[in-house]
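Spelled out from the first residue to the last, the chains are:
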Amino acid sequence: MALLEVRNLSINFGGLRAVDEFNLDIEKGELYGLIGPNGAGKTTVFNLLTGVYKPTEGIITLDGKDITGHRTEEINKAGIARTFQNIRLFRLQSVIDNVKIGLQNQYHYSTISGILHTPDYRKVEKEIDERAMELLKVFGMDGQRDYLSSNLPYGAQRKLEIARAMATNPKLLLLDEPAAGMNPNETAELMETIQLIRDKFDMTILLIEHDMKLVGGICEKLTVLNFGRILTQGDTKTVLSDPEVIKAYIGE
Amino acid sequence: MLSFLQYLISGLSLGSIYAIIALGYTMVYGIAKMLNFAHGDFIMIGSYVIFTVVTTLSGGSIPGLLVAIVCCTLIGVTTERIAYRPLRGAASPLAVLITAIGVSYFLENLALLVFGSDTKSFTPVVSWSGLVLADGKLRIQGVTIITIIVSIVILIALQTFVNKTREGQAMLAVAQDKGAATLMGINVNRTISITFAIGSALAAVAGALLCSAYPSLTPYTGAMPGIKAFVAAVLGGIGSIPGAMIGGLCLGIVEILSKTYISSQLSDAIVFGILIIVLLVRPTGILGKNIQEKV
Amino acid sequence: MKKGLSKTSLNQLITYGIVIAAYIILQALRSAGMMTSHLAGLLVPMTYYAIAAVALNFCVGILGELSLGHAGFMCVGAFSSAIFSNVFKETLPGGLRFFLAFVIGIAVAALFGFLIGIPVLRLKGDYLAIVTLAFGEIIKNVLNAVYLGKDSKGFHVSMTNSMALGMEEDGKVIINGAMGINGTPRDANFTIAVIVLLIVLFIVQNMINSRDGRAIMAIRDNRIAAESVGINITRYKMLAFTISAAMAGAAGVLFSHNISTLQSTSQYFGYNVSILILVYVVLGGIGSIRGSVIAACILYLLPEMLRSLNKYRMLIYAIVLIAMMIINWAPAAREMRERFFAKFRKEAV
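Counting of residues starts from 1 at the beginning of each chain's written sequence and follows it residue by residue. Lettering of chains starts at A and numbering of ligands starts at 1, both following the order in which they are written. Where totals are concerned, whole chains, interfaces and linings use all residues; where local detail is concerned, this predicted model gives features only for residues with pLDDT of at least 70, and gives and counts side-chain atom pairs only at 80 or more. Excluding hydrogens and water, the side-chain figures rest on all heavy atoms present in the structure.

Chemist: Can you walk me through the overall build of chain B in this structure?
Modeler: Summing up its helical and strand segments, chain B has 11 helices and 4 strands in all. All radius of gyration figures rest on C-alpha atoms, and the globule criterion is 2.2 Å times the number of residues raised to 0.38. Since a compact globule built from 295 residues should have a radius of gyration of about 19 Å, the 19 Å found for chain B is in line with a globular shape. Along the longest, intermediate and shortest principal axes, the C-alpha atoms of chain B span 65 × 45 × 35 Å. Note on exposure labels: buried denotes an accessible area under 20% of the residue type's maximum, exposed denotes more than 50%, and partly exposed covers the range between, all computed with a 1.4 Å probe on protein chains only. Put simply, chain B has 295 residues, and 56% of those count as buried. Between two residues, a contact is recorded if the distance between any of their heavy atoms is within 4.5 Å. Partitioning the intrachain contacts of chain B with sequence separation of at least 6 by distance along the chain shows that 72% fall at a separation of at least 24. Each accessible area is a Shrake-Rupley result for a 1.4 Å probe, and residues are judged covered by the shown protein chains and nothing else. In the structure as shown, chain B presents an accessible area of about 12200 Å², 66% of it carried by carbon and sulfur atoms. All tallies of charge rest on Lys and Arg as positive and Asp and Glu as negative; His and the ends of each chain are not included. In plain terms, the charge of a residue is placed at NZ if it is Lys, CZ if Arg, CG if Asp and CD if Glu. Taking the average location of the 16 positive side-chain charges in chain B and that of its 10 negative ones, the two points are 8 Å from each other. Secondary structure follows DSSP: runs of H or I at least 4 residues long count as helices, runs of E at least 2 residues long count as strands, and numbering of each begins at the N terminus.

Okay, here's the thing in structure tokens:
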């Protein structure tokens, strides 16, 4: 059974069918790409998968568990984490605190312990701090732990968003245009980071991207969306050489 | 029965005043997307200007009203330019609201400094004594009739202005999407300035009518009617001009009737209770349109 | 890790240090007879306004929602605790009675915060502000109209007048409508007030540096991102709002036990009081807990010490408030500041 199974997922906005009969199977450990022209409905698919929108029709199953229509925060607990096209960091908080917030549901102590700073608090906070540092090290950001997150350069902000998502210990990671606005150097670095996450954490990744070099370079499978419908699905190589896909991208 | 009619008419009159204030609120909220907390204080400033012209300078009521309209318009436009415009697009939506509270605070304390805290007795702008009907059992004051007429005239004028003129169309465009309006060649700053000018001028008119009906003037005269008018605007559906009118009238009637039949101390609580219920049951108000939030 | 923790705890210690130092200096001045009785009488109010400012800042600066109803929470805290103290005036010893009065005042304010929070926290920004204002005014107006008495048969409530309570001979009116509550024992003093302030600071500062505090601030900074990392928005908003209301309630307990006649008037509990507390919060720095305490104390005492300034004081507050908002929040001002610092940094390198 696939890690993520999506069946006949559809949503209407007023009269507009933004996503229509969307199907997707992602196996554990796969690096999957979702591509398509602007306005094809890619981010809407992400919003459906993460519960930001409730689907009009269809079923989403994660690891055998039906998560259709669940709230965003429940879906995250079930195992889907994401990043955003327009970066959404906790701007007024430090780099490490952004990651610590991602760790929120991995480590627990009571509100009273938090107010009284009991030994329990100290112990768990120490664990949180160590785990957050571990994650920052993976992303090479441990040197910037106390920086205000909004003061980071653009590429580092994107990386921090991925680190924060990883902190929630997901089964599936969704990346929404991770390379948007990056220069070629940053993009190359990002590709390394994504590979690293996959190898180190054995992570399953679904990403939306426009940068074809990135998509062709790291994704194993692709789904192409056009006008809310699936144009084609399959191996990266096959999909990218499909004349229909080229037509959708370049136009006739 | 006649006494009920009497109260209903005073409710309509108070409601018409709320409606005029609410029209200003709803336009500013609809177009500039901000709660001008100081709007009620524009009313108070307008009333003091009339008071000064009529009582201190012995000018007539009508010149007083005209001067007040000019003053309020200037204050409204200046406030927007100095205090609100720089905060457009601020990271926190609270910034402009807190600033508006600051402006309200400023105007109240300025009036306190200039005019003192004592209650001024306001000479009504309307001198007509009104109608006596049903063998003297039903008296309708002149100011009541004038207030209702003025509010209807303003409603029609505003509707015509918004729907028929270029400036009005520009306002609708800015209300929908500032960015797109800019791309269409609309001067957003100018449009918002005009909105503030109209809203503030209406505040001066409302002040004249409010203080004619309830002729005692202090630096805090405008605050409560201002807040209640916002309640009226929300009740009618914020951003909707006819909605503001309906909301204002409803609120005025509810307030007077609950003052009469329930408790004068609890009438404000009832009015605010209505706001809470409306926002929970139908947040878009009676005539408001539902706008979906974009994620 | 070590460094980060010690930095935040140092910061906290500075706040406690300032409060304790100010307390010692003021107490010394008072016992040395260098303080007029008028000024000495302002010490408790100054402290409960500082507590109210911390409570409101927790709501505005940490949770990120503007409440204009905190005077209402003060009001319920004040009235519920005053009712308790009046009922047990003769039967309980002073210390225990005042402690229990705190428990009750805080619990009732928290309950109101919780109940009001359920509908209010579904709203946002302007609407939330105006609805909290509405709730505050409703609380004030209802308490202004209510009559409460107690006789051997128990409590009696009326909304008309004290006669309508229909009490036995031994009955005693506790809330006399607009006349309010008379004769609450004056249990509050400066030392107790400062202790309460320190406890409130302890709770707030510790909470900010805990799991819950991070979650609350995450919601403030980016609600959608907070949801996406599994934070239960409603739970944390309710938690923060309830705690904020409870702390305002504590300020109310001090209020009612420091005044001979407690009345639910606009002067004490109207939305203008909420706005005055907001002025303390903004001038002390939104989100800066220490700033709120300092601003509340200075702004409360200053005009009393500089009488000549009094006339212009509110006007100056208003101008400073507007200026601070624009300087801190206007996009143009931020950009200018960033450019300035960028240049500065470059030159430093």
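Chemist: Can you help me understand the interface of chain B and chain C in this one?
Modeler: Taken together, the contact pairs 46 residues of chain B with 50 residues of chain C. Note: buried area is the sum, over both parts, of the accessible area (probe 1.4 Å) each one loses when the two are combined. Ranking the residues of chain B by area buried against chain C places Ile98(B), Tyr105(B) and Leu113(B) at the top, with a combined share of 17%. Any carboxyl oxygen of Asp or Glu within 4 Å of a side-chain nitrogen of Lys or Arg constitutes a salt bridge here. For the interface between chain B and chain C, the tally reads 0 salt bridges. Whenever a nitrogen or oxygen atom comes within 3.5 Å of another N or O atom, the pair is scored as a polar contact, on the condition that within protein one atom can donate a hydrogen and the other can accept it, and that pairs from neighbouring residues in sequence are kept only if both atoms are in side chains. For the pair chain B and chain C, the interface holds 1 residue pair in polar contact (both at pLDDT 80 or more). Put simply, the parts of the chain that give the side of chain B that touches chain C at least two residues each are helix 3 (61–84), helix 4 (94–115), helix 9 (223–236) and helix 11 (267–281) of chain B. With 14 residues, helix 4 of chain B is the single largest residue contributor to the side of chain B that touches chain C. Considering only residue class, the side of chain B that touches chain C consists of 35 nonpolar, 7 polar and 4 charged. Under the scheme applied, nonpolar residues are Ala, Val, Leu, Ile, Met, Phe, Trp, Tyr, Cys and Pro; charged residues are Asp, Glu, Lys and Arg; polar residues are all the others, including Gly.

Chemist: Looking at this structure, I do not really get the interface of chain C and chain A. What am I missing?
Modeler: Interface size is often expressed as the accessible area that is lost when the parts come together. Each partner contributes residues to the interface: chain C has 28 residues there, and chain A has 35 residues. Summed over both sides, the interface between chain C and chain A buries roughly 2900 Å², with carbon and sulfur atoms accounting for 54% of that surface. The interface formed by chain C and chain A holds 1 salt bridge in total. Between Arg214(C) and Glu125(A) there is a salt bridge, and its shortest N-O distance comes to 3.0 Å. Listing elements by their share of the side of chain C that touches chain A, those giving two or more residues are helix 7 (190–208), helix 8 (211–221), helix 9 (223–228) and helix 10 (233–256) of chain C. Per element, the largest residue contribution to the side of chain C that touches chain A is 8 residues, and it comes from helix 8 of chain C.

Chemist: Can you walk me through the packing of aromatic side chains in this structure?
Modeler: To describe a pair of aromatic rings, one takes the distance between the centres and the angle between the planes. Between 30 and 60 degrees the pair is tilted, below 30 it is stacked and above 60 it is edge-to-face, where a pair is any two Phe, Tyr or Trp rings, Trp via its six-membered ring, whose centres lie within 6.5 Å. By the definition in use, this model includes 22 aromatic pairs over all chains. Ring geometry for Tyr7(B) versus Tyr261(B): centroids 6.0 Å apart, planes at 85°, classification edge-to-face. With Tyr7(B) in helix 1 (residues 2–32) and Tyr261(B) in helix 10 (residues 241–261), the pair connects residues that are 254 residues apart, well separated along the chain. On the basis of relative accessibility, which here comes to 30%, the residue Tyr7(B) falls in the partly exposed class. We classify Tyr261(B) as partly exposed; its relative accessible area is 47%. Centre to centre, the rings of Tyr23(C) and Phe190(C) are 5.3 Å apart; their planes meet at 45°, and the pair counts as tilted. One end of the pair, Tyr23(C), is in helix 1 (residues 2–31); the other, Phe190(C), is in helix 7, with 167 residues separating them in the sequence. By the burial criterion, Tyr23(C) is buried, and Phe190(C) matches it.

Chemist: I'm lost on the pattern of salt bridges in this one. Help?
Modeler: Any two side chains of opposite charge can pair if their charged atoms end up close together. Scanning the entire structure with this criterion turns up 32 salt bridges over all chains. For the salt bridge of Glu134(A) with Arg131(A), the shortest nitrogen-to-oxygen distance reads 2.9 Å. With a gap of 3 residues between them, Glu134(A) and Arg131(A) both fall in helix 5 (residues 119–138), about one helical turn apart. Linking Lys140(C) and Glu137(C) is a salt bridge whose minimum nitrogen-to-oxygen distance equals 3.0 Å.

Chemist: Please clarify how the sheet that holds strand 7 (residues 172–176) of chain A should be interpreted in this entry.
Modeler: Adjacent strands of a sheet form backbone hydrogen bonds with each other and so pair up, either parallel or antiparallel. All names here are of chain A. Should DSSP find at least two bridges between two strands, the strands are regarded as paired. Strand order in the open sheet made by the 6 strands is 6-7-8-3-9-10, with mixed pairing throughout. If you trace the sheet from one side to the other, it starts and ends with strand 6 (80–82) and strand 10 (229–235), each paired once. On average, adjacent strands in this sheet sit at an angle of 20° to one another, irrespective of strand direction. Strands strand 3 (31–35), strand 6, strand 7, strand 8 (204–208) and strand 9 (221–226) of the sheet are contacted by helix 1 (residues 42–49), whose axis makes an angle of about 140° with strand 8. To obtain an axis, a line is fitted to C-alpha atoms, over the contacting stretch when the element is a helix, and the angle between two such axes runs from 0 to 180 degrees between their N-to-C directions.

Chemist: Sorry, what's going on with the pairing of strand 1 (residues 147–151) of chain C here?
Modeler: Look at any regular strand and the pattern is simple: side chains alternate between the two faces of the sheet. All names here are of chain C. Within strand 1, 4 of the 5 residues are buried, which leaves it mostly tucked inside the rest of the structure. In the sheet, strand 1 pairs with strand 2 (residues 154–158) via 5 bridges, with the strands oriented antiparallel. Counted as the bridge partner of Lys150 is Phe155 from strand 2. Connecting the antiparallel pair strand 1 and strand 2 is a turn made up of 2 residues. Pairing of strand 1 with strand 3 (residues 172–176) involves 4 bridges; the strand directions are antiparallel. Bridging across to strand 3, Leu148 finds its partner in Ile175.

Chemist: Looking at this model, I keep getting lost on empty space enclosed by the protein. Mind explaining?
Modeler: In this analysis a 1.4 Å probe is tested at points of a 1 Å grid over the protein atoms alone, and where it fits but cannot get out there is a cavity; an open set with protein on both sides within 12 Å along at least five of seven lines is a pocket; lining residues have an atom within 4 Å of a point. Grid points are joined across faces, edges and corners, and a volume is the space filled by probe spheres set on the points. The tally for this structure, following the rule as stated, stands at 1 cavity of 30 Å³ or more. By volume, the largest cavity is sized at about 80 Å³. Residue lining of the largest cavity: 13 residues in total, with Phe37(B), Asp41(B), Ser104(B), Ala223(B) and Tyr271(C) positioned closest to the centre. Within the lining of the largest cavity, the residues separate by chemical class into 7 nonpolar, 4 polar and 2 charged.

Chemist: Mind showing me how you'd approach the sheet that holds strand 5 (residues 65–66) of chain A here?
Modeler: Residues and elements named next belong to chain A. Spatially, 2-1-4-5 is the arrangement adopted by the 4 strands of the open sheet, whose pairing is antiparallel. Edge positions in the sheet fall to strand 2 (16–26) and strand 5, since each has one partner strand and no second. Against the sheet, helix 1 contacts strand 1 (4–13), strand 2 and strand 4 (57–62), and its axis sits at roughly 110° relative to strand 1.

Chemist: What is the right way to look at the nonpolar core in this model?
Modeler: Within soluble globular proteins, side chains that are nonpolar tend to cluster in buried spots. Among the nonpolar cores identified, the biggest contains 227 residues, and Phe37(B), Leu66(C) and Met74(C) are the most heavily contacted of them. A per-element tally of this core places helix 3 (residues 43–63) of chain C first, with 17 residues. Once residues within four sequence positions are removed from consideration, Phe37(B) is found in contact with Tyr25(B), Ala100(B), Ile101(B), Ser104(B), Ile227(B), Leu68(C), Ile130(C), Leu133(C), Tyr271(C) and Ile275(C). Note on terminology: a nonpolar core comprises buried Ala, Val, Leu, Ile, Met, Phe, Trp, Tyr and Cys residues joined through side-chain atoms within 4.5 Å. In terms of nonpolar packing, the next biggest core, distinct from the first, is built from 47 residues, Ala81(A), Met166(A), Leu190(A) and Val239(A) among them.

Chemist: In this structure, what is going on with a nonpolar patch on the surface? I would like to understand it.
Modeler: Residues and elements named next belong to chain C. Patch membership is restricted to residues that have no salt bridge and whose relative accessible area is over 30%. Joining uses 9 Å for like charges and 5 Å for the nonpolar side chains Val, Leu, Ile, Met, Phe, Trp and Tyr. Side chains of Leu10, Ile14, Ile18, Ile294 and Ile298 sit close together on the surface and give an oily, nonpolar patch of about 400 Å² of accessible area. Put simply, the parts of the chain that give the nonpolar patch at least two residues each are helix 1 and helix 13 (289–305). Structurally, the position occupied by Ile294 is in helix 13. Look at Ile294 and you get partly exposed, because its relative accessible area is 34%.

Chemist: Got a minute to help me understand the packing of helix 10 of chain B against helix 11 of chain B in this structure?
Modeler: Two numbers describe a pair of packed helices, the interaxial angle and the distance between the axes. All names here are of chain B. Relative to each other, helix 10 and helix 11 sit at 145°, their axes nearing to 9 Å. Crossing angle aside, the handedness with which helix 10 passes helix 11 is right-handed. On the side of helix 10, the interface is formed by Leu251, Val254, Glu255, Ser258 and Lys259, while helix 11 contributes Ser267, Asp268, Ile270, Val271 and Ile274. Here the contact of helix 10 with helix 11 is composed, by residue class, of 5 nonpolar, 2 polar and 3 charged. Handedness of a helix crossing follows the sense of rotation of the near helix relative to the far helix, less than a right angle counterclockwise being left-handed and clockwise being right-handed.

Chemist: Can you help me understand helix 6 (residues 125–145) of chain C in this one?
Modeler: For an α-helix the count is 3.6 residues per turn, leaving residues at separations of three or four pointing the same way. By this rule, a helix spans an expected 1.5 Å times one less than how many residues it contains. Here helix 6 of chain C is 21 residues long and its end C-alpha atoms lie 31 Å apart, about the 30 Å a rise of 1.5 Å per residue gives. Helix 6 of chain C sits mainly inside the fold: 20 of its 21 residues count as buried.

Chemist: How should I be thinking about the side chain of Asn141(C) in this particular structure?
Modeler: Within the element layout of this structure, Asn141(C) appears in helix 6. Judged by its relative accessible area of 7%, Asn141(C) is buried. Residues within four places of Asn141(C) in sequence aside, it is in contact with Gln265(B), Leu266(B), Asp268(B) and Ala269(B).

Chemist: Looking at this structure, I do not really get the environment of Gly155(A). What am I missing?
Modeler: Residues and elements named next belong to chain A. Relative to the helices and strands, Gly155 resides in helix 6 (residues 154–167). For the pair formed by Gly155 and Asn183, sequence separation is 28 residues and the distance between their alpha carbons is 8.8 Å. Setting aside residues no more than four positions away along its own chain, Gly155 makes contact with Met182 and Glu186.

Chemist: Help me understand helix 4 (residues 70–87) of chain C, please; the structure alone is not making it clear to me.
Modeler: The end-to-end C-alpha separation of helix 4 of chain C is 26 Å, in line with the 26 Å expected for 18 residues at 1.5 Å each. Buried residues dominate helix 4 of chain C, accounting for 17 of its 18 residues.

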